[in-house]
Amino acid sequence: MEASNEQVEKMRHTLSHVLAAAVRELYPTTVFGIGPAIENGFYYDIDFGGAKVSEADLVKIEKKMRGIIARGCEMVRREVSREEALEWARDNGQKFKVELIEELPEGETITFYDLKDARSGEVLFSDLCKGPHVENLGEIGAFKLDRIAGAYWRGDEKREMLTRIYGVAFQTEEELNKYFEQQEEAKKRDHRKLGKELDLFAFSELVGSGLPLFTPRGTILRDMLNELAQGYRVRCGYRKVCIPHIANVDLYKTSGHYQKFPELLQFISQESGDNLAVKPVSCPHHTQIFASAPRSYKELPVKYLETTMVYRDERKGELGGLSRVRAITQDDSHVFCTEDQIEQVFGELIGSAKDLYKRVGMKLTLRLSFRDDKDAYIGDPEMWEKAQAAIERMAKKFEMEYFVGIGEAAMYGPKMDFMAVDALGREWQLATVQLDYAMPERFGLEYTAQDGSKKTPIMVHCALLGAIERFMSIFIEHTAGWFPLWCAPEMVRVLTVNAGAEEYVEEVEEVLKGVVLEEPVKNNQLRYEVDRSDDSLGKKIKRATEMKIPVVLIIGEKDAADRVVSVRTREGEEKVKLDELTGWLVARSEK
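Residues numbered from 1 in each chain as written. Predicted model: local features only at pLDDT ≥ 70, side-chain atom pairs only at ≥ 80, totals over all residues. Heavy atoms only, no water.

**Student:** Teacher, can you tell me more about helix α14 (residues 468-479) here?
**Tutor:** Because an α-helix completes one turn every 3.6 residues, residues spaced three or four positions apart along the sequence face the same direction. Across its 12 residues, α14 extends 16 Å between first and last C-alpha, which sits within 8% of the 16 Å expected from 1.5 Å per residue. Counting buried positions along α14 gives 11 out of 12 residues, so the element sits mostly inside the fold. When we look at burial in α14, the residues that qualify are I468, E469, F471, M472, S473, I474, F475, I476, E477, H478 and T479. A480 sits one or two positions beyond α14 and adopts a positive phi of about 60°. (Helix = DSSP H or I, 4+ residues; strand = E, 2+ residues; numbered from the N terminus. Expected span 1.5 Å × (residues − 1). Buried < 20%, exposed > 50% of the residue type's maximum accessible area, 1.4 Å probe, protein only.)

As structure tokens, this is what we get:
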């Protein structure tokens, strides 16, 4: 981390203490949870007891914070014993701090930070904290309290509901203003808002939370994105497979997912008494397709692809539009290969990811997701070291800019996570390629090597879009709903000026019916509609613009006489000869 980033982190962490100090002065009986620095700012979880606090109160809290900063306070670190820390927490009625202190390992150094008036020596606020912080509040840059939300203590729905106050902080006012401008633009692009306006998807309380329903228009967009992603793998020799949506729980016990996903949706078959589960992942099923026949080294790599739904029992409060759902569609693929084939397999997938995200206009960086020391993984440490070394070697070979994320690995192996940057500069983890030595071993998979011995294949998992629903939420916001021609639910809308050109409109329709786009998705029949309503041309244009139709063709009697069409796009208007229209549309789709 660069020095400037460290300074911003310290500043944001310090501001959470200043927020708590301001709240304590205004609401003396409050009980405090935690207050960390986060991306773009900070927050503090607080129990206000009987006091009612709303976003209207943020103005006075922020004013109090600025008053504290103006006093020239400093942050003073001190070490205390476990007994002193518990005594402080109990005497001050801070039950959440008591819980945190009691969970600290024996012998761990316990530190407090005192927010202290440098002139009077008065301690305005003390808090259990590891730091780091700025030493003097004069080092704090630009900040603003942003919003209030509810948050369960420690994320547990069975625990107390606290009030979370969020703040935003940057080194300069310019950065702060830029952030809020970006937030305003993000509101306009919100995929939930655009999804409704563009008739892409819906939700129903009767169906259930986190279970999106895609309309005909939304299904076209979804299918086009999936065909783009899977097309890369088809060209690399992957073959389609199809699996059921349920399986015996034993499948997931063998794979290790049963322990990883305690929320597995299990049920007992009324007919057979089998203990079944709705699938949370598809990789264990694919291992069984590989295992269904004897395999030779001559067949490897064996490459499967499938677009399928998996199901996760996400907490209701964490669901939001398409960003986080319970029914998750993955453009999944799995490869079973030898060790000396890993580089080729990864090379194909890395090349595919780079080209796909270039197509959708997003810059890619790479996170190498490695394991930490926690007991949350399967496979022996030696296998992990080998796999992580291989992953890093390939990132270097394919000249990808990368950083290492410790503790971000999948349970069965390290992975390459592709981080995509959207039009608003936000970074998202989307595509992933994962190296897995563990699962083939757990399932006893094997192939006959050249020397006649039995060997265990290596498994490579890949999703280029990740969760298609989540990718769609990001793509909708990235494009602001103005989709590229090739994936737009409605590519072209024809607007008639008057009835006098009807015969010519029919000629234009015949041309449009014959247009088939080949890039970047093959055999993509042109999707168009004709607006023959009696409304004025202005109203027709307004409707087409509101639906963000990429190409609008305006046809009147003069156009018919000149054998042209008036083409309207976001960039402007131009005349295109009818016999050149097909070429114009094909060229447009390739941009």
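**Student:** What exactly am I supposed to notice about the sheet that holds strand β29 (residues 564-569) here?
**Tutor:** Working definition: the strands of a sheet are paired by backbone hydrogen bonds and lie parallel or antiparallel to each other. One open sheet accounts for 5 strands, arranged β27-β24-β28-β29-β30; its pairing is mixed. Every interior strand has two partners, whereas the edge strands, β27 (528-531) and β30 (572-577), have only one. Strand-to-strand twist across the sheet, computed as the mean angle between neighbouring axes with direction ignored, equals 25°. Here 4 bridges tie strand β24 (residues 492-496) to β27, and the two strands are oriented parallel to one another. Bridge pairing in β27 links V492 to Y528. Running over the sheet, helix α16 (residues 537-546) touches β24, β27, β28 (551-555) and β29 and is turned about 170° from β24. (Pairing = 2+ DSSP bridges. Axes fitted to C-alpha atoms, helices over the stretch in contact; angles between N-to-C directions. Contact = heavy atoms within 4.5 Å.)

**Student:** Which parts of the structure should I look at to understand the packing of aromatic side chains?
**Tutor:** The geometry of two aromatic rings is summed up by the distance between their centres and the angle between their planes. Applying the stated criterion across every chain, the model contains 15 aromatic pairs. Taken together, a centroid distance of 5.6 Å and an interplanar angle of 40° make the contact between F170 and Y179 tilted. Both rings, one in Y304 and one in F336, keep their centres 5.9 Å apart while their planes meet at 65°; by these two values the pair is edge-to-face. You can see Y304 sitting in strand β15 (residues 302-311) and its partner F336 sitting in strand β16 (residues 327-337), a full 32 residues away along the chain. Overall, Y304 belongs to the buried group, its relative accessible area being 5%. Among the aromatic side chains, those forming a connected cluster through ring pairs are Y357, F471, F475 and F483. Taking NZ or CZ as reference, K253 lies 5.1 Å from the ring centre of Y258, over its face. When the ring centre of F398 is taken as reference, the NZ or CZ atom of K397 above it lies at 5.9 Å. (Phe/Tyr/Trp six-rings, centres within 6.5 Å; stacked < 30°, edge-to-face > 60°. Lys NZ or Arg CZ within 6 Å of the ring centre and 35° of its normal.)

**Student:** Got a minute to help me understand the packing of helix α15 (residues 502-513) against helix α18 (residues 581-589) in this structure?
**Tutor:** Between two packed helices, the angle of one axis relative to the other and the distance separating the axes together describe the packing. In the contact formed by α15 and α18, the axes pass within 10 Å of each other and the chain directions differ by 45°. One element, α15, and the other, α18, form an angle in the oblique class. Along this stretch, α15 crosses α18, giving a crossing that reads as right-handed. Residues V508, V511 and L512 of α15 form the contact with α18, whose own contacting residues are L581, T582 and L585. Residue composition of the contact of α15 with α18, grouped by class: 5 nonpolar, 1 polar and no charged. (Parallel < 35°, antiparallel > 145°, perpendicular 65-115°, else oblique. Left-handed = near helix turned anticlockwise from the far one by under 90°. Nonpolar A, V, L, I, M, F, W, Y, C, P; charged D, E, K, R; others polar.)

**Student:** Sorry if this is basic, but what is going on with the nonpolar core here?
**Tutor:** Across soluble globular proteins, nonpolar side chains show a tendency to be buried alongside one another. Grouped together as the largest cluster of nonpolar side chains are 89 residues, with contacts concentrated most on F346, Y357, M416, F418 and L435. The element that contributes the greatest number of residues to this core is helix α11 (residues 342-359), accounting for 8 residues. With residues up to four places along the chain from it excluded, the contact list for L435 reads I342, F346, A387, A390, I391, Y412, G413, P414, I458, M459 and V460. In this structure, M11, Y27, F32 and F143 belong to the second largest nonpolar core, which totals 36 residues. (Core = buried A, V, L, I, M, F, W, Y, C linked by side-chain atoms within 4.5 Å.)

**Student:** Would you explain the packing of helix α3 (residues 82-91) against helix α4 (residues 95-102) in this entry?
**Tutor:** Across the interface, α3 lies against α4 with an axial gap of 8 Å and an inter-helix angle of 160°. One finds that α3 runs roughly antiparallel with respect to α4. In this structure, α3 crosses over α4, and the sense of that crossing is left-handed. When α3 is examined against α4, the residues R82, A85, L86, W88, A89 and R90 are found in contact with a partner set consisting of K97, V98, I101 and E102. Counted by class, the contact of α3 with α4 contains 6 nonpolar, no polar and 4 charged residues.

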